[in-house]
Amino acid sequence: SQTIHQWPATLVQPVGSPLSLECTVEGTSNPNLYWYRQAAGRGLQLLFYSVGIGQISSEVPQNLSASRPQDRQFILSSKKLLLSDSGFYLCAWSAALLNQPQHFGDGTRLSIL
Amino acid sequence: KNEVEQSPQNLTAQEGEFITINCSYSVGISALHWLQQHPGGGIVSLFMLSSGKKKHGRLIATINIQEKHSSLHITASHPRDSAVYICAGGGADGLTFGKGTHLIIQP
């Protein structure tokens, strides 16, 4: 069966520090991969999605970047975190077919001090 | 860009009541998702609909493509149903989310 792993679960970082959140999927090949963010008091928002290795699409301009170095690995990064980067980050995957459900990781709660 | 509107934002009901949460979307989507978010933040996918109706246990989801409207129903509600319910529309290029409905079921 397919599983998605996202870590760390919680992270506290100072302003200006770098960030790397990792997401891996097991049990499937060539998944579509997604990063979402939920800022405090706001709804979930799509940040990035990827349909293949090295293929990244960004939905909103921001301080963050994403990379997909391997088929089932999706990384969210920042060189210098801002206070506004605080939030709950979710990774998700879906099969690369039309109308497939998305499966979510457990999320990372990021606090910037 | 797709827009997804959900109502109500907050809903408090007594155990056993029939619950309905509504979702409207502004443009064509390939599928409509209903998600459940627990207090710790974890999200579970409840349903994915592109037409008709789906049922899982006490949960029922319906969608009307012509009216661009979907509903999530909970029959015989229970305190353990308390959570945030989120509808989301989209396809392979990612989901657009409603703001969620915070549901509290009181014993």
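Please read all numbers here as calculations on a predicted model, not as lab measurements. (Residues numbered from 1 in each chain as written. Chains lettered and ligands numbered in written order. Predicted model: local features only at pLDDT ≥ 70, side-chain atom pairs only at ≥ 80, totals over all residues. Heavy atoms only, no water.)

For the rest of this paragraph, the subject is the sheet that holds strand S1 (residues 4–7) of chain B. Residue and element names in this part refer to chain B. If you walk across this open sheet you meet the 5 strands as S1-S3-S8-S7-S6, and the pairing is antiparallel. Of all strands in the sheet, those with a lone pairing partner are S1 and strand S6 (52–56), marking the two edges. In this sheet, neighbouring strand axes are inclined to one another by 15° on average, regardless of whether the strands run parallel or antiparallel. Across 6 bridges, the pairing between strand S3 (residues 19–25) and strand S8 (residues 69–74) is antiparallel. The partner of Thr20 across the bridge, within S8, is His73. (Pairing = 2+ DSSP bridges. Helix = DSSP H or I, 4+ residues; strand = E, 2+ residues; numbered from the N terminus. Axes fitted to C-alpha atoms, helices over the stretch in contact; angles between N-to-C directions.)

Attention shifts here to the sheet that holds strand S1 (residues 3–7) of chain A. Residue and element names in this part refer to chain A. Pairing within the open sheet is antiparallel, and its 4 strands lie in the order S1-S3-S8-S7. Looking at which strands have only one partner, the edges of the open sheet turn out to be S1 and strand S7 (65–70). Going from strand to strand, the sheet's axes swing by 20° on average, the running direction of each strand aside. Bridge analysis of S1 against strand S3 (residues 19–26) gives 5 bridges, and the strand direction is antiparallel. Paired with Thr3 across the strands is Glu26, a residue of S3.

The omega torsion of the bond from Trp7 of chain A to Pro8 of chain A falls at 0°, within 30 degrees of zero and hence cis. Here Pro8 of chain A lies in the loop between S1 and strand S2 (10–13). Note the cis peptide between Ser7 of chain B and Pro8 of chain B, where omega equals -5°. Even without a glycine there, the phi angle at Ala76 of chain B is positive, about 45°.

With that settled, consider the pattern of salt bridges. Overall, the coordinates contain 3 salt bridges over all chains when judged by the stated rule. Measuring nitrogen to oxygen at the nearest pair gives 3.2 Å for the salt bridge that ties Arg68 of chain A to Asp71 of chain A. Judged by its relative accessible area of 3%, Arg68 of chain A falls in the buried class. Note that Arg58 of chain B and Asp81 of chain B form a salt bridge whose closest N and O atoms lie 2.8 Å from each other. One end of the pair, Arg58 of chain B, is in the loop between S6 and strand S7 (59–64); the other, Asp81 of chain B, is in the loop between S8 and strand S9 (83–91), with 23 residues separating them in the sequence. (Salt bridge = Lys/Arg side-chain N within 4 Å of Asp/Glu carboxyl O. Buried < 20%, exposed > 50% of the residue type's maximum accessible area, 1.4 Å probe, protein only.)

So, on to the interface of chain B and chain A. Taken together, the contact pairs 20 residues of chain B with 18 residues of chain A. Interface area for chain B against chain A, summed over the two sides, is near 1,500 Å², with a carbon-plus-sulfur share of 57%. Where chain B packs against chain A, one counts 0 salt bridges. The tally of links from chain B across to chain A stands at 2 residue pairs in polar contact (both at pLDDT 80 or more). The set of elements that each furnish at least two residues to the side of chain B that touches chain A consists of strand S4 (31–37), strand S5 (43–49), S9 and strand S10 (94–97) of chain B. (Contact = heavy atoms within 4.5 Å. Buried area = accessible area lost by both parts, 1.4 Å probe. Polar contact = N/O pair within 3.5 Å; in protein donor to acceptor, adjacent residues only side chain to side chain.)

The biggest cluster of nonpolar side chains holds 21 residues, and the ones touching the most others in it are Ile19, Leu32, Trp34, Leu46, Phe47, Leu72 and Tyr85 of chain B. Among the secondary structure elements, those contributing two or more residues to this core are S3, S4, S5, S7, S8, S9 and strand S11 (101–106) of chain B. Discounting chain neighbours no more than four positions away, the residues touching Leu32 of chain B are Cys23, Tyr25, Phe47, Met48, Leu49, Ile63, Ser70, Cys87, Ala88 and Gly89 of chain B. Counting residues in each nonpolar core, the second largest holds 20 residues, with Leu21, Trp35, Ala66 and Tyr89 of chain A among its members. (Core = buried A, V, L, I, M, F, W, Y, C linked by side-chain atoms within 4.5 Å.)

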